[in-house]
Amino acid sequence: MLVTAYFAFVGLLASCLGLELSRCRAKPPGRACSNPSFLRFQLDFYQVYFLALAADWLQAPYLYKLYQHYYFLEGQIAILYVCGLASTVLFGLVASSLVDRLGRKNSCVLFSLTYSLCCLTKLSQDYFVLLVGRALGGLSTALLFSAFEAWYIHEHVERHDFPAEWIPATFARAAFWNHVLAVVAGVAAEAVASWIGLGPVAPFVAAIPLLALAGVLALRNWEENYDQQRAFSKTCAGGLRCLLSDRRVLLLGTIQALFESVIFIFVFLWTPVLDPHGAPLGIVFSSFMAASLLGSSLYRIATSKRYHLQPMHLLSLAVLIVVFSLFMLTFSTSPGQESPVESFIAFLLIELACGLYFPSMSFLRRKVIPETEQAGVLNWFRVPLHLLACLGLLVLHDSDRKTGTRNMFSICSAVMVMALLAVVGLFTVVRHDAELRAPSPAEEPYSPEL
């Protein structure tokens, strides 16, 4: 497994680099944004945001391993994961209101504090302290995915009065570098876990200085901003009306809940499947992230002027790949006949599918869900998503039976078949809908190449 992981990592990195270079050569020259105020403002945002993302990714490869290192049973570890998921969904429901009330800059600083405390709890072997840490991690995750983007958009439009058309360029670049940071974080986590005497807790300790620096830079360089608060009940009521009145939204939410709940279960299972066979967890994680980056690169190429495939087609392909991968895992994790290399390949395919899925889903959500109702609809999407993931971890995984992991993958396969049926239903509804077709590059509004 050790040699396979390193070869896969190098091969995936080379593939990503080759695709990106070929895409850059094929891309027609565009007008670069030379506004120094905008570039300086964007840099101030990236400095803080990328530090926060790097700290988040640095912890991912060794979370399960840390709990295993403290001699907790798989059932106890599953409860810790469920606590994190539950806190994420609970805090996610009120995150927007909390951020508006507290202030976006203050919320970003709060993120750095709560996530630092979350990392510090990993030094304890007390189960209750670790549960508290998972709750703090859920709050931090909710803030990470709400406060930073809200701060940037408000500053971009309201304070600096830059064109709104430039916003997608900033977040497209952030999404690309987020993948790169994830790849680097996996290698860094492997290095600190191997070289520092702290073992699996080392990546969590190493994340604290990054979080502290992010908080300090936000305090020093950012201005505070607030926004009008919309009542939480009105947000949810509007989202529910939109969800029930438009079949496209309902089907899209069904696909998201089924697909992403399976991905959460995969995040829990990959370590116990590969770790017993000597897999270097940090390198394996970096390989996963490189596969996801490869999927994102393939999405951009597939939707380019040369091929002009539609996001709906790529969403269908992503779901099909995951269905195939889960069937592979059902056989490769059979007790007594485990095949870690086949499982590793299946996991890489799942990550490749994620690289296709997330930009496709993001495009379709923007087109189908009205902007004013997106927060409410996404809240309703998250509830079944996390509920399914929590039920999967608590009910389906039986730590006392060797067939528990295989059974989980079997049921996840069935769940993904349901997602595939929902994709077919959505495709039937929108096949003549010109609004859901990606515009050709010539039709796209100008956004600066940064």
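Residues numbered from 1 in each chain as written. Predicted model: local features only at pLDDT ≥ 70, side-chain atom pairs only at ≥ 80, totals over all residues. Heavy atoms only, no water.

Participant: It is not clear to me how the overall build of the protein should be interpreted in this structure. Could you clarify?
Facilitator: Helix and strand counts for the protein stand at 16 helices and zero strands. Burial analysis of the protein (450 residues in total) assigns 52% to the buried set. Partitioning the contacts of the protein with sequence separation of at least 6, the portion at a separation of at least 24 is 86%. By element, 65% of the accessible surface of the protein is carried by carbon and sulfur atoms, the whole surface being about 20300 Å². (Helix = DSSP H or I, 4+ residues; strand = E, 2+ residues; numbered from the N terminus. Buried < 20%, exposed > 50% of the residue type's maximum accessible area, 1.4 Å probe, protein only. Contact = heavy atoms within 4.5 Å. Areas by Shrake-Rupley, 256 points an atom, 1.4 Å probe, with all protein chains shown as cover.)

Participant: Got a minute to help me understand the packing of aromatic side chains in this structure?
Facilitator: Here a ring pair, both rings aromatic, is described through the centre-centre distance and the interplanar angle of the planes. Summed over the entire model, instances satisfying the criterion amount to 35 aromatic pairs. Pairing Phe41 with Phe162 gives two aromatic rings, centres 5.9 Å apart and planes at 35°, and the pair type is tilted. You can see Phe41 sitting in helix α2 (residues 36-59) and its partner Phe162 sitting in the loop between α7 (147-159) and α8 (167-195), a full 121 residues away along the chain. Of the residues examined, Phe162 reaches a relative accessible area of 9% and is grouped as buried. For the cation-ring pair, Arg134 lies above Tyr81, with the distance from its terminal atom to the ring centre recorded as 5.2 Å. (Phe/Tyr/Trp six-rings, centres within 6.5 Å; stacked < 30°, edge-to-face > 60°. Lys NZ or Arg CZ within 6 Å of the ring centre and 35° of its normal.)

Participant: Teacher, can you tell me more about helix α12 (residues 281-302) here?
Facilitator: Since one α-helical turn is 3.6 residues long, residues separated by three or four positions face the same way. When the terminal C-alpha atoms of α12 are compared, their 31 Å separation across 22 residues agrees well with the 32 Å that a helix rising 1.5 Å per residue should span. Counting buried positions along α12 gives 20 out of 22 residues, so the element sits mostly inside the fold. (Expected span 1.5 Å × (residues − 1).)

Participant: When you look at the UniProt feature "signal peptide" (unreviewed entry) in the protein in this model, what are you seeing that I'm missing?
Facilitator: Under the UniProt annotation, "signal peptide" (unreviewed entry) lies at residues 1-18. With 94% helix and 0% strand, residues 1-18 has end C-alpha atoms that lie 25 Å from one another. (UniProt positions renumbered as here; feature names shortened; annotations may be inferred.)

Participant: Any chance you could explain the side chain of Lys105 here in plain terms?
Facilitator: Mapping Lys105 onto the fold places it in helix α5 (residues 104-121). No salt bridge is formed by the buried Lys105; the nearest opposite charge belongs to Glu223, separated by 6.2 Å. Of the polar contacts made by the side chain of Lys105, one reaches the backbone oxygen of Trp222; its length is 3.1 Å. Non-local contacts of Lys105, meaning those with residues more than four positions away in its chain, are made with Trp151, Ala218, Leu219, Trp222, Glu223 and Glu224. (Lys, Arg positive; Asp, Glu negative; His and termini not counted. Salt bridge = Lys/Arg side-chain N within 4 Å of Asp/Glu carboxyl O. Polar contact = N/O pair within 3.5 Å; in protein donor to acceptor, adjacent residues only side chain to side chain.)

Participant: Before we go on, may I ask you to explain the packing of helix α4 (residues 74-102) against helix α6 (residues 127-144) in this structure?
Facilitator: Contact geometry for α4 and α6: axes closest at 7 Å, N-to-C directions at 35°. At the point where α4 passes α6, the crossing takes the right-handed sense. For the contact of α4 with α6, the residue count by class is 15 nonpolar, seven polar and one charged. (Axes fitted to C-alpha atoms, helices over the stretch in contact; angles between N-to-C directions. Left-handed = near helix turned anticlockwise from the far one by under 90°. Nonpolar A, V, L, I, M, F, W, Y, C, P; charged D, E, K, R; others polar.)

Participant: What exactly am I supposed to notice about the nonpolar core here?
Facilitator: Most often, soluble globular proteins keep nonpolar side chains buried together rather than apart. With 133 residues, the main nonpolar core has Phe148, Leu274, Phe288 and Phe347 as its most contacted residues. Once residues lying within four places of it in the same chain are set aside, the contact partners of Phe347 are Phe266, Trp270, Val273, Leu274, Phe288, Leu329 and Phe409. (Core = buried A, V, L, I, M, F, W, Y, C linked by side-chain atoms within 4.5 Å.)

Participant: Can you walk me through the packing of α8 against α12 in this structure?
Facilitator: When two helices pack together, their arrangement is given by the angle between the helix axes and the distance between those axes. The geometry of α8 relative to α12 is characterised by a closest axis approach of 7 Å and an angle of 165° between their N-to-C directions. Considering the angle they form, α8 stands roughly antiparallel to α12. The interaxial crossing formed by α8 with α12 has left-handed handedness. Across the interface between the two elements, Phe176, His179, Val180, Ala182, Val183, Gly186, Val187 and Glu190 from α8 touch Leu281, Gly282, Ile283, Phe285, Ser286, Met289, Ala290, Ser292, Leu293, Ser296 and Arg300 from α12. Residues belonging to the contact of α8 with α12 are distributed by class as follows: 11 nonpolar, six polar and two charged. (Parallel < 35°, antiparallel > 145°, perpendicular 65-115°, else oblique.)

Participant: Is there a simple way to think about the pattern of salt bridges in this case?
Facilitator: Pairs may arise between side chains of opposite charge once their charged atoms sit close together. Applying the stated rule across the entire model yields three salt bridges. Asp275 is the partner of Lys65 in a salt bridge, and the nearest nitrogen-oxygen pair spans 2.9 Å. Of this pair, Lys65 sits in helix α3 (residues 63-69) while Asp275 sits in the loop between α11 (247-274) and α12, and the two are 210 residues apart along the sequence. Taking the relative accessible area as the measure of exposure, Asp275 reaches 16% and is therefore buried.

Participant: In this structure, what is going on with the environment of Ala55? I would like to understand it.
Facilitator: Note on placement: Ala55 falls in helix α2. Along the sequence, Ala55 and Ala207 sit 152 residues apart, while their C-alpha atoms lie 4.7 Å from each other. Once residues lying within four places of it in the same chain are set aside, the contact partners of Ala55 are Ala207, Leu210 and Leu211.

Participant: How do you make sense of the confidence of the model for the protein when you look at a structure like this?
Facilitator: As a note on interpretation, predicted positions should not be read in detail where pLDDT is low. Mean pLDDT over the protein stands at 85; residues scoring 70 or higher make up 87%. Across residues 441-450 the pLDDT falls below 50, and counting only partners more than four positions away or on other chains, this stretch makes 28 contacts in the model. (pLDDT = per-residue confidence, 0-100.)

Participant: How should I be thinking about a nonpolar patch on the surface in this particular structure?
Facilitator: Together, Leu2, Val3, Tyr6 and Phe7 give the surface a local cluster of nonpolar side chains, amounting to about 440 Å² of exposed area. With relative accessibility at 64%, the residue Phe7 sits in the exposed group. (Patch = residues over 30% accessible without salt bridge, like charges linked within 9 Å, V, L, I, M, F, W, Y side chains within 5 Å.)

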